[in-house]
Amino acid sequence: MTYIRGDVRELVLAGHTNAEIARRLGVDRSTPARARTVLGLPQPRPGKRAAATAEDLFWRRVRPLDGGHMGWTGYHTTGDVPALRHGGRIHTAYRIGFRIAHGRAPEGHVRPGCGRDGCVAPACQTDRVTRAEARKLDRLYAQIFGPPS
Ligand SMILES: [Zn+2]
């Protein structure tokens, strides 16, 4: 078995180029190149670097929790909102998660609808539109089955 340094592996998986990893860790370019081969990853074309999307960065910072909920291992704003920096801007994890789950940009304020503080699971995120739909459904059920006891 070929040994791969943990720090090399981490940077390869994070999408950095061989040249970048070599510069950062003071290793030869062949070291990350070999790590790619061992990990079964394609060699990047020189000079080309796939920019990580906000979604890529999101998935690198989540921690699965029981029941499909997710915690955030990344940065929090001063207001304790899970967030990340992408393209020179701060994006909240709630908004990115919402976009992943619903395939559209959220409208209004986004927050987890599961009642778990700080949950960033895409499926848990609600915006103004999904909350209005949920209220409409609640009213419909109440008309059919009577008010909740
Ligand atoms: Zn949740």
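The structure this text deals with has already been given above.
Only a predicted model underlies this, so the values are computations on that prediction, with no experimental measurement involved.

*Asks:* Explain the side chain of N18 here, please?
*Replies:* Of note, N18 is situated in helix α2 (residues 18-25). Residue classification places N18 among the buried positions, given a relative accessible area of 13%. When near neighbours in sequence (up to four residues on either side) are disregarded, N18 contacts R29, P32, A33, R36, Q43 and P44.

*Asks:* What's the story with the pairing of strand β4 (residues 89-92) in this structure? I'm lost.
*Replies:* Note on strand geometry: in a regular strand, side chains alternate between the two faces of the sheet. Pairing between strand β3 (residues 83-86) and β4: four bridges, direction antiparallel. Bridge pairing in β4 places L84 opposite H91. Hairpin connection between β3 and β4: a loop of two residues separates the two successive antiparallel strands, and G87 in this loop has a positive phi of roughly 60°.

*Asks:* Is there a simple way to think about helix α1 (residues 6-13) in this case?
*Replies:* Because the α-helix completes a turn every 3.6 residues, residues three or four places apart line up on one side. Residues of α1 that are buried: V8, L11 and V12. Buried residues in α1, looked at end-on, bunch into an arc of 105°, giving them a common side. At its buried positions, α1 is contacted by α2 and α3 (30-39). Where α1 ends, the next residue or the one after it, G15, has phi of about 90°, a positive value.

Reading the values: the criteria
- Residues numbered from 1 in each chain as written.
- Predicted model: local features only at pLDDT ≥ 70, side-chain atom pairs only at ≥ 80, totals over all residues.
- Heavy atoms only, no water.
- Helix = DSSP H or I, 4+ residues; strand = E, 2+ residues; numbered from the N terminus.
- Buried < 20%, exposed > 50% of the residue type's maximum accessible area, 1.4 Å probe, protein only.
- Contact = heavy atoms within 4.5 Å.
- Pairing = 2+ DSSP bridges.
- Arc of directions from axis to C-beta.

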